[in-house]
Amino acid sequence: MKLRSALATAALAGAVAAVSAPAMARDTISIVGSSTVYPFATVVAERFGANSDFPTPKLESTGSGGGLKLFCQGIGTQHPDITNASRRMKPSEFELCASNGVEAITEFRIGSDGIVIASSQDAENLDITLEQLFLALGEKVPSPDDENKLVANPYEKWSDIDSSLPNKPIRVMGPPPTSGTRDSFNELALQGGCEDLPAVADMSEDDMEGVCQSIREDGVFIEAGENDNLIVQKLIDDTTMYGVFGYSFLEENSDRLQAATLNGKVPTAEAIAADDYPVARSLFFYVKKAHIGVVPGIAEYVEEFTSMGAMGPNGYLKSVGLIVPPRDALMDLQDKAESMPNLSKDELM
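All values derive from a computational prediction rather than experimental measurement. (Residues numbered from 1 in each chain as written. Predicted model: local features only at pLDDT ≥ 70, side-chain atom pairs only at ≥ 80, totals over all residues. Heavy atoms only, no water.)

Caption draft 1: Quick peek at the pattern of salt bridges. A full pass over the atoms with the stated rule returns ten salt bridges. Glu-93 is the salt-bridge partner of Arg-87, the closest N and O atoms lying 2.7 Å from each other. Note on accessibility: Arg-87 and Glu-93 belong to one class, buried. The residue Lys-265 makes a salt bridge to Asp-276 at a minimum N-O spacing of 3.4 Å. Of this pair, Lys-265 sits in the loop between strand E12 (261-262) and helix H11 (269-273) while Asp-276 is found in the loop between H11 and strand E13 (280-288), placing the two residues eleven residues apart along the sequence. What makes Asp-276 partly exposed here is its relative accessible area of 40%. (Salt bridge = Lys/Arg side-chain N within 4 Å of Asp/Glu carboxyl O. Buried < 20%, exposed > 50% of the residue type's maximum accessible area, 1.4 Å probe, protein only. Helix = DSSP H or I, 4+ residues; strand = E, 2+ residues; numbered from the N terminus.)

See the structure below:
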């Protein structure tokens, strides 16, 4: 705690010069970012507010990209203190932070999540490969007549791709481009099903990414905003629709929703934690160190989030669906919460 106090004192001294007197009046932690991390952070915030002398932090679900953009705008309490992310910060985002004076950032990898393709329990479930998923949703796909030629996506029904798939129109609801879930879905699911196709085999890395991560814009893929609960509700009401969101939302609604099998794998907590499910990803939050000691309770909130009670094998975050890190990784997180080491750009490369 002495080290934490020293950090807080140093942060306060540096930050006082950067913020105006009215801005320093804020006494509530401001957290933005990922809709996937949002429910976990909300549980921590509510516990923190109820069991400490600090106000309950204010959370906004802005999406990972949107949250990092807000976080990186500058130092001062008109800017967020913490941002959640369902993917790692990009080097370009680190540079944006640095250009605005946000140079001392600590990264916390808080666990794992999987991205699922879900539908109503009353719908026809999907058993699909990542290649078939790309053929359903990619903006440009190999021509049915020439596998080496890319054409505008011609597929209207799942069964047009393979007769074993449902004979119904392709309709998928998912997150917008600002969402970390969308970034991870594009990279892990769509590019995972595209990169071995003959039509892209000889492309440069950038060109391949441009093709493989581009989703069709003809109404087949429907952007639902940052609120994954809206997708859940739509699937319950519409048995012809499939939805893309994090595993935790599936688990919360397992009595009403079912998950597609991807590459022969059904999403389970065990499969995601072991990286045995093809669309698994890590979850993070980032702390603006200059705000520690300026906005009360930031270090204590981080301590609560990384505590054994929250993230241990029997912790309350596991009970609400977070796939928590193993014990050794949790111990490292707790050490990081104490020392608050600076993230470097090289770590993100």
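Caption draft 2: Quick look at the layout of surface pockets. Taken as a whole, the largest pocket encloses approximately 590 Å³ of empty space. Arg-87, Arg-88, Lys-90, Asp-183 and Glu-187 are, among the 22 residues lining the largest pocket, the residues nearest its centre. Mapped by element, the contributors of at least two residues to the lining of the largest pocket are helix H7 (180-194), helix H8 (205-212), E13 and helix H16 (345-348). Ranked by residue count, the leading element in the lining of the largest pocket is H7, at six residues. Of the residues that constitute the lining of the largest pocket, the class distribution is six nonpolar, six polar and ten charged. Estimated volume of the second largest pocket: approximately 160 Å³. Lining the second largest pocket are Tyr-247, Glu-251, Ala-269, Glu-270, Ala-273, Lys-318, Gly-321, Leu-322, Ile-323 and Val-324. Counting residues per element, the ones that place at least two in the lining of the second largest pocket are helix H10 (247-252) and H11. At three residues, the largest contribution of residues to the lining of the second largest pocket is made by H11. Class assignment of the residues belonging to the lining of the second largest pocket gives a composition of six nonpolar, one polar and three charged. (1 Å grid on protein atoms, 1.4 Å probe; cavity = no way out; pocket = protein on both sides within 12 Å on 5 of 7 lines; lining within 4 Å. Points joined across faces, edges and corners; volume = space filled by probe spheres on them. Nonpolar A, V, L, I, M, F, W, Y, C, P; charged D, E, K, R; others polar.)

Caption draft 3: Here's a closer look at helix H2 (residues 38-51). Between its first and last C-alpha, H2 extends 20 Å over 14 residues, near the 20 Å set by a 1.5 Å rise per residue. Residues of H2 that are buried include every one of Pro-39, Phe-40, Ala-41, Thr-42, Val-43, Val-44, Ala-45, Phe-48 and Gly-49, and no others. Buried residues along H2 sit against strand E2 (58-59), strand E3 (82-85), H10, E13, helix H12 (298-305) and helix H14 (316-319). (Expected span 1.5 Å × (residues − 1). Contact = heavy atoms within 4.5 Å.)

Caption draft 4: Just a negative patch on the surface, in detail. On the surface, Glu-187, Glu-205, Asp-206, Asp-207 and Glu-209 cluster together into a patch of negative charge. A per-element tally of the negative patch places H8 first, with four residues. (Patch = residues over 30% accessible without salt bridge, like charges linked within 9 Å, V, L, I, M, F, W, Y side chains within 5 Å. Areas by Shrake-Rupley, 256 points an atom, 1.4 Å probe, with all protein chains shown as cover. Lys, Arg positive; Asp, Glu negative; His and termini not counted. Charge placed at Lys NZ, Arg CZ, Asp CG, Glu CD.)

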